[in-house]
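# Chains, contacts and geometry: an overview
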Amino acid sequence: MASRLIIKNASVLTLDQNNNYHTNATVIIENGRFTQIFPDGTHFESTSNDQTIDATGKLLMPALVDLHFHTAIAKGWNDHLPLWEYLDECWYPSIRALDKEAAYWAAMASYMEAIKNGTGTVNDMYRQLDGLADAADEIGIRAVLSNDVALGEFNLDTLEDNVAAFQKHNGRANGRIQVWFGIEWLPLADLELLKRTRKLANELGTGIHIHLNESISEIDSTIQRFHKRPTEVAHEAGILGPDCVAAHCVHLSDNEIDLLAKSGTHISHNPASNAKLGNGIARLPEMIQAGINIGLGHDAAECSNFVDMFTVMKFTSLIHRAARQTTDIGKPNDIIRMATVNGQQALGHGHELGAIVEGFKADCILIEMKSTEFTPLIQGDLTHLTSHLVFSASGNCVDTTIIDGRIIMQNRKVLTVNEEQVIIEANKSFARIKDKMKILVREKN
């Protein structure tokens, strides 16, 4: 194995605290971390043991973070339905029909798509975590995994399942895989379950991933059962905090925004999924104004049909500019930070991931700028560059993905798995569980 990875002649968007941008830099990666950054084209002597990438015409930037992610096995199936009906007719039957093998191949396909589109870290709430952890370990992605925990009557995962997954997989792959607790959502939980989740998370020193305030129907159900809104219930149960990622948060009251801000809870904003499912548009400006850390997620490919954080970035800016009728929101630099720095901060990685800084873990991507998406481009003009990244680029612009200092994809070819085999086996897995899904739906009805 090469002792060092040297990336030379690169434009570098560091996303460090000073937002430094270099147009002809050399970056040295060793033992999985950025060790030296030469910003001015300084000549660097390599050795025969070094692996060198000539990044002429390419941009080096931090790998993207998908802060709310579900492995997908049924993309495009029954996706004409609104959220509640979709959950009953497709989502829950699909994840109840899962076995470890199907989960493994679904995760492989989902993680492969993420990597090919420049994502280095996923916050994946799903089931069959043995299969997910095996897939993440093998393909090389950084993954925070959580079970889909609900009350026993709903036949999903239990807190005991989540504890077992934590004990078996947390810290696996040299720390690249972590396990958090995952709460499906308030309609499938009660106060005791939520309080037990917080107690266990504190005891194990891990985080909590939960859906909150995604739809009006969820809020109505929660008020009927608890006489409070979802985020108020989560606060009462002790779920909120700096180790909690709350997904969606589309319909927040002023009080709920205040509770999230004061507790230090992080939000994963998933505007494409929220739009496709007809759930509405979150109060992003108010959440930002309150000081809440906001990351971005695609949700599940069943809910958005893609695993491309560049598309999520574009959608984030455009939908809020349209809704508020102003260009003062969704500035490209802010959106890029949501998809990188903010996401790593939400996952507790902000001290060593999310930026290209000496000493940080080397999760980064190379983007091909010799393309129509980046034409024209004024050399050294950061505003021009970030506009292209948010409004023009897609995941197809990503040439190379590096995670933990290891090249996972190069020249758009994933090096750690057989891409064709993954696609074949993922298709077989869905075909196999589809019949089980139909049986589950018939039994329920």
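Residues numbered from 1 in each chain as written. Predicted model: local features only at pLDDT ≥ 70, side-chain atom pairs only at ≥ 80, totals over all residues. Heavy atoms only, no water.

Before going further, it helps to spend a moment on helix 2 (residues 100-116). Owing to its 3.6 residues per turn, the α-helix aligns residues three or four sequence positions apart on the same side. With 17 residues, helix 2 extends 24 Å from end C-alpha to end C-alpha; this agrees with the ideal 24 Å at 1.5 Å per step. Counting buried positions along helix 2 gives 13 out of 17 residues, so the element sits mostly inside the fold. Where helix 2 ends, the next residue or the one after it, Gly-118, has phi of about 95°, a positive value. (Helix = DSSP H or I, 4+ residues; strand = E, 2+ residues; numbered from the N terminus. Expected span 1.5 Å × (residues − 1). Buried < 20%, exposed > 50% of the residue type's maximum accessible area, 1.4 Å probe, protein only.)

Running from N to C, helix 12 (residues 309-324) and helix 15 (residues 382-391) point in directions that differ by 95°, and their axes come no closer than 7 Å. One element, helix 12, and the other, helix 15, form an angle in the roughly perpendicular class. Together, Phe-310, Met-313, Lys-314, Ser-317, Leu-318 and Arg-321 of helix 12 and Leu-389, Val-390 and Phe-391 of helix 15 make up the contact between the two elements. (Axes fitted to C-alpha atoms, helices over the stretch in contact; angles between N-to-C directions. Parallel < 35°, antiparallel > 145°, perpendicular 65-115°, else oblique. Contact = heavy atoms within 4.5 Å.)

Right, let's get into the pattern of salt bridges. Evaluated as defined, the whole model comprises 26 salt bridges. With its nearest N and O atoms 2.9 Å apart, the salt bridge here joins Arg-198 to Asp-243. A residue pair is termed long-range when its members are at least 10 positions apart, and Arg-198 in helix 5 (residues 191-204) and Asp-243 in the loop between helix 7 (230-236) and strand 11 (244-248) qualify at 45 residues. Look at Asp-243 and you get partly exposed, because its relative accessible area is 24%. Residues Glu-203 and Lys-199 are paired through a salt bridge, measuring 2.5 Å at the closest nitrogen-oxygen approach. One end of the pair, Glu-203, and the other, Lys-199, are both in helix 5, 4 residues apart, so they sit about a helical turn from each other. Its relative accessible area of 53% is what places Lys-199 among the exposed residues. (Salt bridge = Lys/Arg side-chain N within 4 Å of Asp/Glu carboxyl O.)

Residue position: Lys-116 is located in helix 2. Reaching out from Lys-116, the side chain makes a polar contact with the side chain of Glu-419 at a distance of 3.2 Å. Residues within four places of Lys-116 in sequence aside, it is in contact with Gly-395, Val-398, Met-409, Arg-412, Val-414 and Glu-419. (Polar contact = N/O pair within 3.5 Å; in protein donor to acceptor, adjacent residues only side chain to side chain.)

Our next topic: the UniProt feature "domain: Amidohydrolase-related" (unreviewed entry) in the protein. As annotated by UniProt and renumbered to match this structure, "domain: Amidohydrolase-related" (unreviewed entry) occupies residues 60-407. Within the segment residues 60-407, helix and strand shares are 43% and 18% respectively, and the terminal C-alpha atoms sit 13 Å apart. (UniProt positions renumbered as here; feature names shortened; annotations may be inferred.)

Each assigned domain of the protein is listed here: domain 1 (4-62 + 358-414) and domain 2 (64-347). Distance between the C-alpha centres of domain 1 and domain 2: 29 Å. The interface is formed by 28 residues belonging to domain 1 together with 29 residues belonging to domain 2. In total, domain 1 and domain 2 occlude about 2300 Å² of area from one another, counting both sides; carbon and sulfur atoms represent 60% of this. It is Leu-15, Val-390 and Phe-391 in domain 1 that bury the most area against domain 2; as a group they hold 25% of the surface buried on that side. (Domains from an automatic or database assignment. Buried area = accessible area lost by both parts, 1.4 Å probe.)

Core analysis: the largest hydrophobic core is formed by 122 residues, its most contacted members being Tyr-111, Ile-141, Ile-367 and Leu-389. When residues of this core are assigned to their parent elements, the largest contribution, 11 residues, is made by helix 2. In terms of domain composition, this core takes at least three residues from each of domain 1 (4-62 + 358-414) and domain 2 (64-347). Not counting the four nearest positions on each side in its chain, Ile-141 is found in contact with Tyr-111, Ala-114, Ile-115, Thr-119, Gly-120, Val-122, Ala-136, Arg-176 and Ile-403. By size, the runner-up hydrophobic cluster in this structure holds 20 residues, among which are Ile-37, Ala-55, Cys-364 and Ile-407. (Core = buried A, V, L, I, M, F, W, Y, C linked by side-chain atoms within 4.5 Å.)

For the rest of this paragraph, the subject is the packing of helix 2 against helix 3 (residues 129-139). Closest axis-to-axis distance for the helix 2/helix 3 pair is 8 Å, and the angle between their directions is 40°. If you check the angle between helix 2 and helix 3, you find them oblique. Where helix 2 crosses over helix 3, the handedness of that crossing is right-handed. Across the interface between the two elements, Lys-100, Ala-103, Tyr-104, Ala-107, Met-108, Tyr-111, Met-112 and Ile-115 of helix 2 pack against Asp-130, Gly-131, Leu-132, Asp-134, Ala-135, Ala-136, Glu-138 and Ile-139 of helix 3. Taken together, the residues that form the contact of helix 2 with helix 3 break down as 11 nonpolar, 1 polar and 4 charged. (Left-handed = near helix turned anticlockwise from the far one by under 90°. Nonpolar A, V, L, I, M, F, W, Y, C, P; charged D, E, K, R; others polar.)

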